[in-house]
Amino acid sequence: MSSPVETPLRSEKALKHLRRRRAADTRFRVYGLVALGFALFSLVFLICAIAWKASSAVTYHVVKTDIVLEADRIVPDGNASPEEITRNIEGFYTLVRDDLFAKFANLEDTPAVRKDFSALIDRLAVLPLARRVAKNPTLIDQTVSIQVPVSDDVDLFLKRSSPRSIPFRLGEGAQISLGQGTDEMVLRHPALESVLSSLTALGSQQGAPSVLVIADSAVARLTDLQDQTAGFEILAGDLADFQGKPLKGLIVAVPESNRTISDLQIAWALALKSEGIIRRVPHTSLLTSTDSTYPELAGSLAAIVGSLLTMLVTGMVAIPMGIFAAIFLEEFAPKNRLTQLIEVNINNLAAVPSIVFGLLGATLLLGTFGLPRSAPLVGGLVLALLILPVVIISARAALRAVPPSIRSGALAVGASRMQAVFHHVLPLAFPGMLTGAILGMARALGETAPLLLIGMVAFVAEVPSSTTDEATALPVLIYSWASNAERAWEPMTAAVIVILLALLVTMNVIVVMLRRKFERRW
Amino acid sequence: MDTTAQTDHDPALTGEGADQAQALVYPRINCQDVNVFYSGKQAVFDVSLPVFDRSVTALIGPSGCGKSTFLRCLNRMNDTIDGAKVTGDIFMDGENINSPDVDPVLLRSRVGMVFQKPNPFPKSIYDNIAYGPRIHGLVDDRQELDAIVEKSLRRAGLWQEVKDRLTQPGTSLSGGQQQRLCIARAIAVRPEVILMDEPCSSLDPIATARIEELIDELRKRYCIVIVTHSMQQAARVSQRTAFFHLGHLVEMGDTDQIFTSPRERRTEDYITGRFG
């Protein structure tokens, strides 16, 4: 038996102790990795969730068609002044609506049906068209190409998000014959059995689901179904459109009485879509329009501009003030009770909830000084106060990080204190100060509570042009859109969140780039 | 003798031929009863010490004996420390530089300082030297400034090494070169006195030897006070040596005399390595 020789390097006791130390090392590394993994997972999950929600707002459906702007419809009294044209929204609206209505030849022309049809497009959607004509009256009586967003209910249905629809495929080979009425048809197809089984699977507690059969631009609704034979009511197109075509179908599980969009409207929308009149296009109006009560017309431009104006005020107040306060406290102020008190209070101020600053702004800036409500000026000042402590603290840390030998070196060649600070310390501390300042700005960009209190939650339909105009900001827009009831606001809100995050990331990239630049300079 | 020396503020004018024996008799700086307190705690006790022109005065002593603190009184660098208080009179050319109506900024243009750790500004070599002359308005145009930079670098023995890379950052030089750059920076503002606070303590022996040679060279033009931990260095470069212990000036005299026949017991113990 050959046991290993006991040397100081391989004694049993030492090895045991060593194993315990190694185990502790490993444990610690595992904890770190777990924490890091969890943080990364959360971040990725958050970003994916938001991006997923926002993805459906990247495109939206519009009616894209050529239309003759008949003079007697849009300027009925012959007065082609811009004011009259923009006032006559109704004329434009009926013009567009009737143009679409005319595409359904065998549609009963009753006020009730027209009213139903009107729900495809919201009235205000033609406002950009009216403005375009008002700006350029020569368009009257011309054929123009128009692009009008469809109402949010139609848009959501066409995006299959609400109400949810389950597609199925019947294919060719259906036997189609005329039913009792002119708009009824009877259809025989072996695949109808599977539709029946999926209908029974859905159940019908709240009411009967709708089953639609689609052949290109013709749509029919199921009225009764027995085994392989089904009776249909034609909603759009006529019997001939179904003959010999591959048939597709949709099951809308939510019964008609429980949804905001009727089967007839669905049929119209599907027909217009298959004709290429309703199209899915990039949702640029999200960035180029201002707020609206209709989700399909709403955009975030006013909030983006409002946020930028607010940030301008915040930056112009908080950054110089914070940096100079930090320089004074760090380099010039004597270290005594008073400066200690100030320092403690600055640190405390950084921890004050942001809504308190909102209250301060409301009473002091709006109340005492009488500054305008809802203005980026006030919002900027409040946010400047909010981030000032953060800017001061980070600027002081940056100043403290400059080696004292640089100061002594400058003083020793006869620089005054001021010269030593501004010629030598400040250039070295600047990248650090900048980082703190822009991180503070990023925090201010995401603040909601103080802006709510000073009235920046207003509905703003005009892009603010100065810091005293009424404005709102991106986080407040997110807040107000998120509290709207319609389903269509949900992806819109997520899209604005993405815009806000993009702005924040841009700011952080700017910080990194500026840091690099200033650090390389030396 | 005194009158000529008193009016002679620019050491460059007197040149290298100045009589050393004469210079050693005339104290450029005369300190009387200097006390330094840091936040009420006394660090230097009643130091009275003459510093002679065109010679090197070495301040030696164990760590914490107040020699650096005393050195910093000579250009009022203690003013920049919160809670530091200096009492006593320090006469430079008959003027009390410790009086409140003397501006430390002007004083420091006449009394340059080199620190323990080389601390070049994070700027180009050229700007390191040019900074002092610029802020003091010593030059009118670029050529004059170029001349000062070259002269200062030559005197610091660095010109040959850096003349082709004046635009490179001063921090890119080696430690010894950086320290010579700092010496050149001090020289550039035309001081009369140069204070050196352990200038070689962070350098290797070769760089140390170069600095020591340089100090010996500079002695011909300037009044130099050097704080050092190394007794060999004090013996090599200085003409006069002051031994500090626990904030008191124990003994002061010609270097030869201090190292061969110290009058005080504590001095002898220290230089023979019995404590410190």
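For every chain, the first residue of the written sequence is number 1, and numbering continues from 1 along that sequence. Written order determines the labels here, with chains lettered from A and ligands numbered from 1. Since the coordinates come from a predicted model, pLDDT governs what is reported: local features require at least 70, and pairs of side-chain atoms require 80 or more to be given and counted, while whole-chain, interface and lining totals use all residues.

An unreviewed UniProt entry annotates chain B as Phosphate transport ATP-binding protein PstB (TC 3.A.1.7.1) of hydrothermal vent metagenome.

**Some words on the overall build of chain B**
Note the following rule: A run of DSSP states H or I qualifies as a helix once it reaches four residues; a run of E qualifies as a strand once it reaches two. Both are numbered from the N-terminal end. Just to be clear, the radius of gyration here is over C-alpha atoms, and the globule rule we use is 2.2 Å times residues to the power 0.38. With C-beta atoms placed from the backbone, a residue is labelled by how many other C-beta atoms lie within 10 Å of its own: buried for 20 or more, exposed for 12 or fewer, partly exposed between the two.
Helix and strand content of chain B: 13 helices and 10 strands. The C-alpha atoms of chain B give a radius of gyration of 18 Å, which matches the 19 Å a tight globule of 276 residues would have. Based on the C-alpha atoms only, the size of chain B along its principal axes is roughly 55 × 40 × 40 Å. Within the span of chain B, comprising 276 residues, buried residues form 46% of the whole.

**What about the overall build of chain A?**
Just so we agree on the cut-off: C-beta atoms are first placed from the backbone for all residues, and any pair lying within 7 Å is then listed as a contact.
Helix and strand counts for chain A stand at 20 helices and 10 strands. Computed over C-alpha atoms, the radius of gyration of chain A comes to 34 Å, more than 25% over the 24 Å expected from 2.2 N^0.38 for 522 residues, which places it beyond the range of a compact globule. Summarising its shape, the C-alpha atoms of chain A cover approximately 105 × 100 × 40 Å along the three principal directions. Relative to its full complement of 522 residues, chain A shows a buried share of 36%. Considering only contacts in chain A between residues 6 or more positions apart, those separated by 24 or more positions represent 76%.

**Quick look at the interface of chain A and chain B**
What counts is decided by this rule: Residue polarity is assigned by list, with Asp, Glu, Lys and Arg as charged and Ala, Val, Leu, Ile, Met, Phe, Trp, Tyr, Cys and Pro as nonpolar; anything else, Gly included, falls into the polar class.
With 16 residues of chain A in contact, the opposing surface of chain B contributes 23 residues. For the side of chain A that touches chain B, the secondary-structure elements that each account for two or more residues are helix H16 (404–412) and helix H17 (417–445) of chain A. In terms of residue count, the dominant contributor to the side of chain A that touches chain B is H16 of chain A (6 residues). Grouping the amino acids of the side of chain A that touches chain B by side-chain chemistry returns 8 nonpolar, 7 polar and 1 charged.

**Quick look at the sheet that holds strand E2 (residues 143–149) of chain A**
Consider a sheet: its strands pair through backbone hydrogen bonds, and that pairing is either parallel or antiparallel. Residues and elements named next belong to chain A. Under the convention used in this document: The criterion for strand pairing is that DSSP finds at least two bridges linking the strands in question. To get an axis, a line is fitted to the C-alpha atoms, and for a helix only the part in contact is used. The angle between two axes follows their N-to-C directions and goes from 0 to 180 degrees.
Spatial ordering of the open sheet is given by E2-E1-E10, a layout of 3 strands whose pairing is antiparallel. Both edges of this open sheet fall to E2 and strand E10 (278–282), since each of them pairs with a single strand only. Taken pair by pair, the neighbouring strands of this sheet meet at an average axis angle of 40 degrees, ignoring direction. Pairing between strand E1 (residues 59–68) and E2: 7 bridges, direction antiparallel. Note on E2: the bridge partner recorded for Ile-67 is Val-144.

**Description of unusual backbone geometry**
Of note in this structure, Ser-374 of chain A is not a glycine but carries a positive phi near 60 degrees. Relative to the elements of secondary structure, Ser-374 of chain A occurs in the loop between helix H14 (354–368) and helix H15 (376–400). Phi is positive for Glu-198 of chain B, which is not a glycine, with a value near 45 degrees. By the element assignment, Glu-198 of chain B lies in the loop between strand E7 (193–197) and helix H10 (205–218). Accessibility expressed as a C-beta count within 10 Å gives 20 for Glu-198 of chain B, which makes it buried.

**Digging into the sheet that holds strand E7 (residues 218–226) of chain A**
Residue and element names in this part refer to chain A. Pairing within the open sheet is antiparallel, and its 7 strands lie in the order E3-E9-E6-E7-E8-E5-E4. The open sheet is flanked by strand E3 (165–171) and strand E4 (175–178), the only strands paired with a single partner. Going across the sheet, the axis of each strand differs from the next one's by a mean of 30 degrees, ignoring polarity. This element, helix H10 (residues 263–274), spans strand E6 (210–215), E7 and strand E8 (229–236) of the sheet and lies at about 70 degrees to E8.

**Some words on the pairing of strand E3 (residues 56–60) of chain B**
Residue and element names in this part refer to chain B. Among the 5 residues in E3, 5 count as buried, and that is most of the element. On E3, burial covers both faces: Val-56, Ala-58 and Ile-60 on one face and Thr-57 and Leu-59 on the other are all buried. In this structure, E3 lies alongside strand E8 (residues 223–227), joined through 4 bridges in parallel fashion. The residue bridging Val-56 from the neighbouring strand is Ile-224, located in E8. Two strands pair when backbone bridges link them, and E3 and strand E9 (residues 240–245) are joined in this way by 4 bridges, in the parallel orientation. Across the sheet, residue Ala-58 finds its bridge partner in E9, namely Thr-241.

**Topic: the nonpolar core**
What counts is decided by this rule: Here, a nonpolar core denotes buried Ala, Val, Leu, Ile, Met, Phe, Trp, Tyr and Cys residues that are linked to one another through C-beta atoms within 7 Å.
Ranked by size, the top nonpolar core spans 196 residues in total, and within it Val-219 and Ile-387 of chain A together with Ile-224 of chain B carry the most contacts. If one sorts the elements of this core by residue count, H15 of chain A sits on top with 15 residues. Contacts of Val-219 of chain A, omitting those with residues within four sequence positions, involve Leu-212, Ile-214, Leu-235, Ala-236, Gly-237, Ala-267, Leu-270 and Ala-271 of chain A.

**Description of the pairing of strand E4 (residues 84–92) of chain B**
Residue and element names in this part refer to chain B. The pairing of strand E1 (residues 27–38) with E4 spans 8 bridges and is classified as antiparallel. Paired with Asn-30 across the two strands is Phe-91, which belongs to E4. Here E4 pairs with strand E5 (residues 95–96) via 2 bridges, running antiparallel. When the bridges of E5 are listed, Met-92 appears paired with Glu-95. The antiparallel pairing of E4 with E5 creates a hairpin that spans 2 residues between the two strands, and Asp-93 there sits at a positive phi of about 50 degrees.

**Overview of the confidence of the model for chain B**
All names here are of chain B. Selection rule: Residue-level confidence of the predictor, termed pLDDT, takes values from 0 up to 100.
When the pLDDT values of chain B are averaged, the result is 87; 91% of them are 70 or greater. Of all helices and strands in chain B, the one with the weakest mean pLDDT is helix H1 (residues 2–7) (40), whereas E8 scores best (95). Note that residues 1–19 has pLDDT below 50 and, in this model, 17 contacts with residues that lie over four places away or in other chains. Among the prediction metrics, the complex's ipTM stands at 0.86, with pTM recorded as 0.82.

**Observations concerning the packing of H16 of chain A against H17 of chain A**
All names here are of chain A. Operational definition: Should an angle fall under 35 degrees it is called roughly parallel, over 145 degrees roughly antiparallel, and 65 to 115 degrees roughly perpendicular, with every other angle called oblique. Helix crossings are classified by the rotation of the near helix relative to the far one: an anticlockwise turn of less than a right angle makes the crossing left-handed, while a clockwise turn makes it right-handed.
Axis separation between H16 and H17 bottoms out at 9 Å; the angle between their running directions is 150 degrees. Accordingly, the angle class assigned to the pair H16 and H17 is roughly antiparallel. Between H16 and H17 lies a crossing whose hand is right-handed. Where H16 abuts H17, its residues Ile-406, Arg-407, Ala-410 and Leu-411 lie against Gln-419, Ala-420, His-423, His-424, Val-425 and Leu-428. Grouping the amino acids of the contact of H16 with H17 by side-chain chemistry returns 6 nonpolar, 3 polar and 1 charged.

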